[in-house]
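# Examining the three-dimensional arrangement
Listed below are the residues making up each chain.
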Amino acid sequence: MDINASQIEALTAQIALLKSENESLKQKNKQIQQQLSATLDGTGLCLWEQDVPTGDLCIYNQEWGSLLGYTREEYSANMQSWKNSLHPEDKDWVIKAFEDHVNGQEDVYQAVHRMIHKDGSTRWVSDRGRIVEYATDGTPLKILGTHIDITQEKRYQLDLARLAHRDPLTDLLNRTAAEKVYKDFQRSSKFDSGTLLFIDVDNFKSVNDRFGHRFGDLTLIEISQVLQHYSETLLPKSKTKIARIGGDEFVIITTISEYKLISVLAGSLVSHFKQTQTIDDKNIALGLSIGISCFTSKDLFVEVCEQADNAMYGIKQAGKHNYSFWQQPKSISQIIR
């Protein structure tokens, strides 16, 4: 069939129109991609797609590796590099969660986990993905998912949890956390008996009144550091916890119940604070009165605290700067096991 000049001209015009429409569609697609990227970037959300057979990853709106401080050249966009950056403590279960979805055991892959940044710090991420394309035999081909950096939110949550269980001034445990530790010790399968030392600072009120609350705070911080030093030096750290449960009141809770070890700790603390303390270039006289009560798995925290408090009060009445066991000497022999 012969095509005349007018038909050629018409076909050429149609081709030109199609090219123009195609170019327009490309521009619109590019604009939509940019808008999507801007929207996702504004939320911190990263959109990713994985080619299951090869393990290759495509990130639509962010530079691959930027979350962890890498350039594209430093960090290959594939599953192996992702696995290598998973936090050692999370790696096994996160990979299992992903593979469970790929293998059809879970409807969706989702995990909140940690990854290691290039500088060695930890990043928290929330991952979610779902298979969106299968081969004719049902084999997964592509997974589409989202990946969001939640480090700031997680740190905030952890800080809140920490503040709920820590004394904000000394960073020791607070009373609530002290009771929890006490019960945790009792529930341990290896627990036999433990000891609670109730510590009251002698002369703190007069020091606080004389030099002011700021100096009083510095004094409490110094005392907490001394308590930690002697506890860590004389007792196993894993079996001993320290808390500030009141203004100038502290407790040491330990699963150690040997009379000699506890006496050495208490005696060392008393001796240390019988000496003049220098804090913020000021010499002050302090002291410690320590009451001690031993406990078993059946003893209530509030009752053991009261026993140790009573023993401490006896020291106060006897002249301060000393320690005493609440149990009578005949009971102490039962502690040595």
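Just so you know, these numbers come straight off a predicted model, no measurement behind them.

## As for the sheet that holds strand S6 (residues 194-202)
- The mixed open sheet is built from 5 strands, whose spatial order is S7-S8-S6-S11-S12. Looking at which strands have only one partner, the edges of the open sheet turn out to be strand S7 (240-244) and strand S12 (322-325). Averaged over neighbouring strand pairs, the angle between their axes works out to 15° when direction is ignored.
- Two elements, S6 and strand S11 (residues 287-295), share 9 bridges in a ladder whose sense is antiparallel. Note that in S11 the partner of Asp 200 across the bridge is Ser 289.

## Overview of helix H5 (residues 175-187)
- Along its 13 residues, H5 runs 19 Å from first to last C-alpha, staying within 8% of the 18 Å computed at 1.5 Å per residue.
- Against the buried residues of H5 lie helix H4 (151-165), S7, strand S8 (249-254), S11 and helix H9 (301-317).
- Measuring from the side-chain oxygen of the N-cap residue of H5 to the backbone nitrogen of Thr 176 gives 3.3 Å; that N-cap residue is Asn 174.

## Here's the deal with the environment of Tyr 230
- The topology assignment puts Tyr 230 in helix H7 (residues 213-234).
- With 38 residues separating them in the primary sequence, Tyr 230 and Ser 268 have C-alpha atoms 7.6 Å apart.

## What about the confidence of the model for the chain?
- The share of residues in the chain with pLDDT of 70 or more is 90%, and the mean pLDDT across the chain is 86.
- Low pLDDT, under 50, characterises residues 329-337; the stretch is placed with 11 contacts to residues that sit more than four places away or in other chains.

## Some words on the pairing of strand S3 (residues 109-116)
- Both S3 and strand S4 (residues 122-134) contribute to a ladder of 8 bridges, which runs antiparallel. Bridging from a neighbouring strand, Ala 111 pairs with Asp 127 of S4.
- Connecting the antiparallel pair S3 and S4 is a turn made up of 5 residues, with Gly 120 showing a positive phi of about 95°.

## Here we look at the packing of aromatic side chains
- In total, this model carries 7 aromatic pairs according to the counting rule given.
- Seen in terms of ring centroids, Tyr 182 and Phe 301 are 5.2 Å apart; in terms of plane orientation they differ by 70°. Their pairing is edge-to-face. One end of the pair, Tyr 182, is in helix H5; the other, Phe 301, is in helix H9, with 119 residues separating them in the sequence.
- Since its relative accessible area comes to 0%, Tyr 182 is described here as buried.
- Members of the aromatic cluster, connected to one another through ring pairs, are Tyr 182, Phe 191, Phe 295 and Phe 301.
- Sitting above the plane of the Trp 124 ring, Lys 154 keeps its charged end 4.7 Å from the centroid.

Cut-offs applied
Residues numbered from 1 in each chain as written. Predicted model: local features only at pLDDT ≥ 70, side-chain atom pairs only at ≥ 80, totals over all residues. Heavy atoms only, no water. Pairing = 2+ DSSP bridges. Helix = DSSP H or I, 4+ residues; strand = E, 2+ residues; numbered from the N terminus. Axes fitted to C-alpha atoms, helices over the stretch in contact; angles between N-to-C directions. Expected span 1.5 Å × (residues − 1). Contact = heavy atoms within 4.5 Å. Polar contact = N/O pair within 3.5 Å; in protein donor to acceptor, adjacent residues only side chain to side chain. pLDDT = per-residue confidence, 0-100. Phe/Tyr/Trp six-rings, centres within 6.5 Å; stacked < 30°, edge-to-face > 60°. Buried < 20%, exposed > 50% of the residue type's maximum accessible area, 1.4 Å probe, protein only. Lys NZ or Arg CZ within 6 Å of the ring centre and 35° of its normal.

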